[in-house]
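One letter stands for each residue in the lines below.
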Amino acid sequence: MGVFRAGRIWVVVSCFLVAGCTGGGGSGAQGRAVARPAAVAQADDLQAAYQKVIRDVLSSVVQIQAGDGLGSGVVYDGKGHIVTNAHVVGDGRSFRVTTAGSEDVLPATLVYSYPQQDLAVIRLDRVPGGLKAAAFGDSSKVEVGQIVLAMGSPLGLSSSVTQGIVSATGRTVSESRSGGGTGATLVNMVQTSAAINPGNSGGALVDLDGRVIGIPTLAAIDPGLGEGAAAPGIGFAIPASTVRTVADQIVEEGRVTDSGRAALGITGRTVVDAEFQPAGVAVVEVLSGGAADQAGLRAGDVIIGLGDTAVTSITSLAEALAEERPGARTTVTFTRDGARRTARVTLGEQ
């Protein structure tokens, strides 16, 4: 599935009916308010819930300007740390941050960028008074059908909110390198129908308890609509559990020390067959002492399988590895000089 990086709230206006008054001060229903229909009351409750979440969380969502690029971020703690996407910060080291409801531009500096998971942490050079950290939820409890709000700066429109539902969980998607993407393969993504547009990246996907359950990162591309055209209503967010794991390490250690991502320890490229179809991953370089090296692979081999999963491209290899953990034992199938071979491999860490 192709992806690119990253509304309206439907508001039901409630009303009530009041019976007309007679000149004689009639009795019964006349002169008294008629009870609101249950559906109207429920709509009012939902609207109130939306508005409360927006009041509570939107102030923790910021706009980030990195060079000519624009994205969003979420205040992570009271020390001025802000979590966002790695593709938002790009190669930058200094940034301009605008908080919700303020025109003041605050300088910020990169703490660490982790493109493998498309996450980064920056820190405000000066922490303004009243800065409020967002509350992060338990993404393992996210359910399909759950109402969510996406907050950020789509198309440069700061402090924007869109609404939708969680339409799927546990998705594995690969990010394109074109247009400044990291090329990362991301697992356990939360799929949502809430609109995610360029500029939403790094913002907040929030449940009705006011907790961040994900960081909006990607929107699907519909090839039928032309190159770069977003597929309406299909966006993806990095789950809160992954965000916390990575951000906590960056804040505490200044880098990611335990990625939890499996690796073969190779540099590879996709090869095609006689019909120009992807046919495997050619090993360009083998990391000395890495998993592939210990399994006996060498430059020139063409990987065509990992475990029970066929490998036809560098993307499919990345997706297969994303389903594994460091230290897992599996098999790698490859060809060498036209002969098919299989080797046992203990996966390393990315």
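Residues numbered from 1 in each chain as written. Predicted model: local features only at pLDDT ≥ 70, side-chain atom pairs only at ≥ 80, totals over all residues. Heavy atoms only, no water.

## Side note on the overall build of the chain
Rules: Strands are runs of DSSP state E lasting at least 2 residues, helices are runs of H or I lasting at least 4, and numbering of each runs from the N terminus. The Shrake-Rupley method, run with a 1.4 Å probe, gives the accessible areas here. Residue values count only the displayed protein chains as cover.
Scanning the chain for helices and strands turns up 5 helices and 21 strands. In the structure as shown, the chain presents an accessible area of about 17200 Å², 49% of it carried by carbon and sulfur atoms.

## A few points about the sheet that holds strand β4 (residues 81-84)
Stated formally: Strands are treated as partners if at least two bridges between them are detected by DSSP. Axis definition: a line fit to C-alpha positions, over the contact stretch in the case of helices; interaxial angles, taken between N-to-C directions, run 0 to 180 degrees.
Spatially, the 6 strands close up into a barrel ordered β2-β3-β4-β7-β6-β5, and their pairing is antiparallel. Along the sheet, successive strands turn relative to each other by an average axial angle of 40°, direction set aside. Pairing of strand β2 (residues 61-66) with strand β3 (residues 69-75) involves 6 bridges; the strand directions are antiparallel. Bridge pairing in β3 links Gln 63 to Ser 72.

## A look at helix α1 (residues 38-57)
Defined as follows: Between the first and last residue of a helix there are one fewer steps than residues, each counted as 1.5 Å, and that sum is the expected span. The rule is simple: take the accessible area with a 1.4 Å probe, protein chains only, and divide by the maximum for that residue type; under 20% is buried, over 50% is exposed, in between is partly exposed.
Counted at 1.5 Å a residue, the expected span for α1 with its 20 residues is 28 Å, and the 29 Å between its end C-alpha atoms agrees. Those residues of α1 not exposed but buried are Ala 43, Asp 44, Tyr 50, Val 53, Ile 54 and Val 57.

## Re the nonpolar core
The test is simple: Here, nonpolar core means buried Ala, Val, Leu, Ile, Met, Phe, Trp, Tyr and Cys residues that are tied together by side-chain atoms lying within 4.5 Å of each other. Here, residues are in contact when the closest pair of their heavy atoms is within 4.5 Å.
Among the nonpolar cores identified, the biggest contains 36 residues, and Val 74, Val 83, Phe 136 and Met 151 are the most heavily contacted of them. Per-element accounting of this core gives the leading share, 5 residues, to helix α3 (residues 240-253). In this view, Val 74 contacts Ser 60, His 81, Ile 82, Val 83, Ala 134, Phe 136, Gly 202, Gly 203, Ala 204, Val 212 and Ile 215; residues no more than four positions away in its chain are not counted. One finds Leu 264, Val 281, Ala 291 and Ile 303 within the second-largest nonpolar core, a separate group that totals 19 residues.

## Details of the side chain of Gln 117
Spelled out, the test is: We call two N or O atoms a polar contact when they sit within 3.5 Å, provided that within protein one can donate a hydrogen and the other can accept it, with sequence-adjacent residues counted only if both atoms are side-chain atoms.
As for its placement among the helices and strands, Gln 117 is situated in the loop between β6 (105-114) and β7 (119-124). Exposure remark for Gln 117: the relative accessible area of 6% places this residue in the buried category. Within the local environment of Gln 117, its side chain forms a polar contact with the side chain of Arg 261, the two groups lying 3.0 Å apart. In this view, Gln 117 contacts Leu 186, Ile 238, Thr 242, Val 246 and Arg 261; residues no more than four positions away in its chain are not counted.

## Points about α3
Helix length check: α3 (14 residues) gives 19 Å between terminal C-alpha atoms against 20 Å at 1.5 Å per residue, within 8%. Of the residues making up α3, those classed as buried are Ala 240, Thr 242, Val 243, Val 246, Ala 247, Gln 249 and Ile 250.

## Things to note about the pattern of salt bridges
Convention followed: Throughout this description, the term salt bridge denotes a Lys or Arg side-chain nitrogen within 4 Å of a carboxyl oxygen of Asp or Glu.
Under the definition given, this model contains 2 salt bridges. A salt bridge links Lys 52 to Asp 56, with the nearest nitrogen and oxygen atoms 2.8 Å apart. Taken together, the residues Lys 52 and Asp 56, both in helix α1 and 4 residues apart, mark about one turn of the helix. Among the salt bridges present, the one from Asp 301 reaches Arg 336, with a minimum N-O distance of 2.8 Å. Placement of Asp 301 in the loop between α4 (291-295) and β17 (302-306) and of Arg 336 in strand β19 (residues 329-336) is noted, with a sequence separation of 35 residues between them. Arg 336 matches Asp 301 in its accessibility class, with the two residues each being buried.

## Thoughts on the layout of surface pockets
Stated formally: Grid points spaced at 1 Å and placed over the protein atoms alone form the basis of the search, with a cavity being a set where a 1.4 Å probe fits but cannot get out and a pocket an open set showing protein on both sides within 12 Å along at least five of seven lines. Lining residues have an atom within 4 Å of a point. Grid points are joined across faces, edges and corners, and a volume is the space filled by probe spheres set on the points. Charged residues are taken to be Asp, Glu, Lys and Arg, nonpolar residues to be Ala, Val, Leu, Ile, Met, Phe, Trp, Tyr, Cys and Pro, and polar residues to be all remaining types, Gly included.
Of the pockets and cavities examined, the largest pocket occupies roughly 1200 Å³. Around the largest pocket, the lining is made up of 43 residues, and of these Gln 116, Thr 185, Arg 261, Ala 318 and Gln 350 lie nearest the centre. Looking at the lining of the largest pocket, the elements that each hand over two or more residues are β9 (160-174), β10 (185-192), α3, β14 (262-263), β15 (266-272) and α5 (314-322). Taken together, the residues of the lining of the largest pocket break down into 15 nonpolar, 21 polar and 7 charged.

Purely geometric numbers; function is a separate question.
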